[in-house]
Amino acid sequence: MYAAFAMFLFFLLSLLNFVLAGGRMGLRDTARWDETAAWPFIPLPAFLVIAAGLAAVTGVFMAVPSFRHDTADDLALMGAVSIILFGFMSLFFAGVYTSTSGIPTDFDSYPEEGVGWHWISAAIQIPAVIVLAVRGISLYRAYKRSKG
């Protein structure tokens, strides 16, 4: 939950940067109104997003053994949060908070700016999602066996 709250705060920081930068979301975007500050007013370091992702993965691995059939809905919620909040949001942050040392892209404007390192947080969610899926399948099979 702490990691999810951190990602929510990172999203709010991005919204603040968006408003202050005149509606720009990243260096490659154009301003929609007058800028108050240059993008990003407050940068989001990749290590913060990666740390939140690691905390989320650690939480998943600690919680998976305690799931039972009656808490399977929590397991599904945790999987959705892992995919949406820590997966897609990390990729979003990587796209808008670019880095000169990041993965290079072939965009016309700002070719020296690559994708930020925030994407690592999305990549480390893969084992957690796999473990959640395996646990969910095993709980479902055990439930079907007990009913059958």
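On a predicted model such as this, the values are computed, not experimentally measured, just so you know.

What counts, and where the lines are drawn
Residues numbered from 1 in each chain as written. Predicted model: local features only at pLDDT ≥ 70, side-chain atom pairs only at ≥ 80, totals over all residues. Heavy atoms only, no water. Helix = DSSP H or I, 4+ residues; strand = E, 2+ residues; numbered from the N terminus. Rg over C-alpha atoms; globule rule 2.2 N^0.38 Å. Buried < 20%, exposed > 50% of the residue type's maximum accessible area, 1.4 Å probe, protein only. Contact = heavy atoms within 4.5 Å. Patch = residues over 30% accessible without salt bridge, like charges linked within 9 Å, V, L, I, M, F, W, Y side chains within 5 Å. Areas by Shrake-Rupley, 256 points an atom, 1.4 Å probe, with all protein chains shown as cover. Salt bridge = Lys/Arg side-chain N within 4 Å of Asp/Glu carboxyl O. Expected span 1.5 Å × (residues − 1). 1 Å grid on protein atoms, 1.4 Å probe; cavity = no way out; pocket = protein on both sides within 12 Å on 5 of 7 lines; lining within 4 Å. Points joined across faces, edges and corners; volume = space filled by probe spheres on them. Nonpolar A, V, L, I, M, F, W, Y, C, P; charged D, E, K, R; others polar. Phe/Tyr/Trp six-rings, centres within 6.5 Å; stacked < 30°, edge-to-face > 60°. Polar contact = N/O pair within 3.5 Å; in protein donor to acceptor, adjacent residues only side chain to side chain.

Chemist: Let's hear about the overall build of the protein chain: which residues, and what values?
Modeler: Within the protein chain one finds five helices and zero strands. Computed over its C-alpha atoms, the radius of gyration of the protein chain comes to 19 Å, more than 25% above the 15 Å expected for a compact globule of 148 residues. By its C-alpha atoms, the protein chain is 65 × 25 × 25 Å across when sized along the principal axes. Residues counted as buried form 36% of the 148 residues belonging to the protein chain. Considering only residue pairs separated by 6 or more positions, the protein chain has 64% of its internal contacts joining residues 24 or more positions apart.

Chemist: Which residues make up a nonpolar patch on the surface, and what values go with them?
Modeler: A surface patch of nonpolar side chains, about 520 Å² in accessible area, is lined by Phe5, Phe8, Leu9, Phe11, Leu12 and Leu15. Locating Phe11 in the fold gives a position in helix H1 (residues 2–20).

Chemist: Which residues make up the environment of Val64, and what values do they have?
Modeler: Along the polypeptide, Val64 turns up in the loop between helix H2 (46–63) and helix H3 (72–96). In this structure Val64 comes out as buried when scored by relative accessible area, which is 8%. Residues in contact with Val64, not counting those within four places in the same chain, are Val131, Leu132 and Arg135.

Chemist: So what about helix H5 (residues 125–147)? Which residues, and what values?
Modeler: The α-helix advances 3.6 residues per turn, and as a result positions three or four apart in sequence lie on the same side. In this model H5 runs 33 Å from its N-terminal to its C-terminal C-alpha over 23 residues, within 8% of the 33 Å that 1.5 Å per residue would give. For H5, the set of buried residues is Gln125, Ala128, Leu132, Arg135 and Leu139. For H5, the secondary structure elements touched by its buried residues are H2, H3 and helix H4 (119–123).

Chemist: Pulling in residues and values, what's your account of the layout of surface pockets?
Modeler: Its boundaries defined by the atoms lining it, the largest pocket holds a volume of some 340 Å³. For the lining of the largest pocket, the secondary-structure elements that each account for two or more residues are H1, H2 and H3. Among the elements that take part in the lining of the largest pocket, H3 stands out by supplying six residues, more than any other. Partitioned by chemical class, the residues of the lining of the largest pocket number 11 nonpolar, two polar and one charged.

Chemist: With reference to specific residues and values, describe the packing of aromatic side chains.
Modeler: Counted under the stated rule, the structure contains five aromatic pairs. Ring geometry for Phe18 against Trp33: centres 5.7 Å apart, planes inclined by 85°, an arrangement best described as edge-to-face. Remark: Trp33 occurs in the loop between H1 and H2 and Phe18 occurs in helix H1; sequence separation between them is 15 residues. Judged by its relative accessible area of 22%, Phe18 falls in the partly exposed class. An angle of 55° between the planes, with centres 5.6 Å apart, marks the rings of Phe92 and Phe93 as tilted. Take Phe92: its relative accessible area is 29%, and that puts it in the partly exposed class.

Chemist: Describe the environment of Thr58, listing the residues and the values that go with them.
Modeler: Here Thr58 lies in helix H2. Take Thr58: its relative accessible area is 43%, and that puts it in the partly exposed class. At a separation of 2.8 Å, a polar atom in the side chain of Thr58 contacts the main-chain carbonyl oxygen of Leu54.

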